[in-house]
Amino acid sequence: MKGLGVGLIGSGFMGKCHAIAWNAVGTAFPDVERPRLVHLGDADADLAARRAREFGFARGSGDWHAVVEDPEVDVVSVTAPNQFHAEMTLAALKAGKHVWCEKPMATSLADAEMMAKAARESDRIAALGYNYIQSPAIRHIGRLLDQGAIGEPNHLRIEMDEDFMADPETPFGWKHASTSGYGALDDFAVHPLSLISVLFGRVGRVICDMTKPYADRAAGDGTRRAVETYDTASTLLRLENGMAATLLVNRSAWGRKGRIAVQIFGSKGSILFDQERFNEFQLYTTSDSPAEQGYRTVLIGPAHEPYGTFVPAPGHGLGFNDLKTIECRELVARIGGDMAARLIGFEAGLEIERTVHAMARSFDEGRWIGLR
Ligand SMILES: NC(=O)c1ccc[n+]([C@@H]2O[C@H](COP(=O)([O-])OP(=O)(O)OC[C@H]3O[C@@H](n4cnc5c(N)ncnc54)[C@H](O)[C@@H]3O)[C@@H](O)[C@H]2O)c1
């Protein structure tokens, strides 16, 4: 049987990450048929041809439609900027391709709803790039919660921070334009919401505040252009399971490089995790003797699947791109009919979008917004 034919649209940060995953998945995961890297599309033909060579794709095109319409392509990775996600995934689904689209799903709720509808009405698999749910530590934390290791969880705090927009001299880019969405909500908050989705279920209501640390940025022509998106968002949430939660996100947080700090408090203990040190987590349980109670640091190893398919030795560590390779394995498995594969599909993705849009609405209206 021939492996899946892969198309990739966009070859920037995430395009390369997907390409590494498509190249690695057949090696890291023996249960997966090695895919064929068929067609890469980018904004111009020269760039596409160069990246196709670098990433190992058979051909490149300066028009993404050629990727979607290529009969040898079975699945399309969409890693172009946010504003193209809806148009590209709708075209790919219409052409009968499976889709693996980067987050956020879309820049408007109407587009996300249209995408979910198209996926529902097709027999194709449509998944989103929520790589952090794939982390062996996060997976194990889910098992600990299911086993009641910290009793009944009652309070959750998540902070996601990076500093790539912290410098006021960073020029205006596509992420500062409202065509990309609200800003830190679509860029960051969707990731913690994906963790909430797999660990705790749906969000019930939200109230959010947002800020723009810098009002304008240098445009290419020597003028300043007003920033249209918000770099920070601070949200109180009440989950449907009754848990109280806070979600703080900041794209202009000097010193923070890839922080997704999660604190989960329960009736018999607590769990701490931070994506900046994602090869470990901390566990505190009241079942330890009082004289020895304290946070225990657990290093990730083969006992935390699927770490062992990458490295047989514990504590040696995975990297960011490995999370994408794990996500890629789950996608290929789901395409092959494995309904247990761990993915955020377009239905769960739509729920994340509804939450983000409820946050933005609560900011506009200055009040709590219920999701249902
Ligand atoms: N899952 C994650 O952890 C994660 C991390 C970063 C970014 N992302 C998401 O990935 C997406 C891309 O972000 P990025 O950081 O890779 O951006 P980027 O700017 O590095 O890359 C975007 C790529 O798309 C190409 N492109 C632009 N317009 C195009 C068009 N019309 N047709 C074809 N190609 C086009 C660009 O030339 C570039 O190669 C965004 O939606 C972003 O939210 C996800």
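All of the points below concern the structure found in this document. Predicted model, so just to flag it, every value in this text is computed and none were measured.

About the criteria used
- Residues numbered from 1 in each chain as written.
- Predicted model: local features only at pLDDT ≥ 70, side-chain atom pairs only at ≥ 80, totals over all residues.
- Pairing = 2+ DSSP bridges.
- Helix = DSSP H or I, 4+ residues; strand = E, 2+ residues; numbered from the N terminus.
- Contact = placed C-beta atoms within 7 Å.
- Axes fitted to C-alpha atoms, helices over the stretch in contact; angles between N-to-C directions.
- Near = placed C-beta within 6 Å.
- Nonpolar A, V, L, I, M, F, W, Y, C, P; charged D, E, K, R; others polar.

Description of the sheet that holds strand β11 (residues 232-239)
Here comes step 1: If you trace the nine strands from one edge of the open sheet to the other, you get β16-β15-β14-β13-β7-β12-β11-β8-β17, paired in mixed fashion. Of all strands in the sheet, those with a lone pairing partner are β16 (296-299) and β17 (369-370), marking the two edges.
Here comes step 2: As judged from the seven bridges shared by strand β7 (residues 153-161) and strand β12 (residues 244-250), these two strands associate in the parallel manner. Bridge pairing in β12 links D161 to N250.
Here comes step 3: Here helix α6 (residues 136-146) sits on the sheet in contact with β7, β14 (269-274) and β15 (280-285), set at roughly 170 degrees to β14.
Here comes step 4: With respect to the sheet, helix α7 (residues 184-199) is in contact with β7, β8 (203-211), β11, β12 and β13 (259-266), its orientation differing from that of β12 by roughly 145 degrees.

A closer look at the site of the ligand
Here comes step 1: The ligand sits among 20 residues. The nearest are G10, G12, F13, M14 and E102.
Here comes step 2: Element by element, the count of residues in the shell around the ligand is highest for helix α1 (residues 13-28), at three residues.
Here comes step 3: Tallied by class, the residues present in the shell around the ligand amount to eight nonpolar, nine polar and three charged.

Side note on the sheet that holds strand β4 (residues 75-78)
Here comes step 1: Read from one edge to the other, the open sheet built from six strands follows the order β3-β2-β1-β4-β5-β6, with strand pairing classed as parallel. Lying at the two open borders of the sheet, with one neighbouring strand each, are β3 (59-61) and β6 (126-129). Shown here is a sheet whose adjacent strand axes are inclined to one another by a mean of 20 degrees, direction ignored.
Here comes step 2: As judged from the four bridges shared by β4 and strand β5 (residues 98-102), these two strands associate in the parallel manner. Looking at β5, one finds that V75 is bridged to H98.
Here comes step 3: The strands touched by helix α2 (residues 45-55) are β2 (36-41) and β3; relative to β3, the strand with the most contacts, the crossing angle is about 155 degrees.

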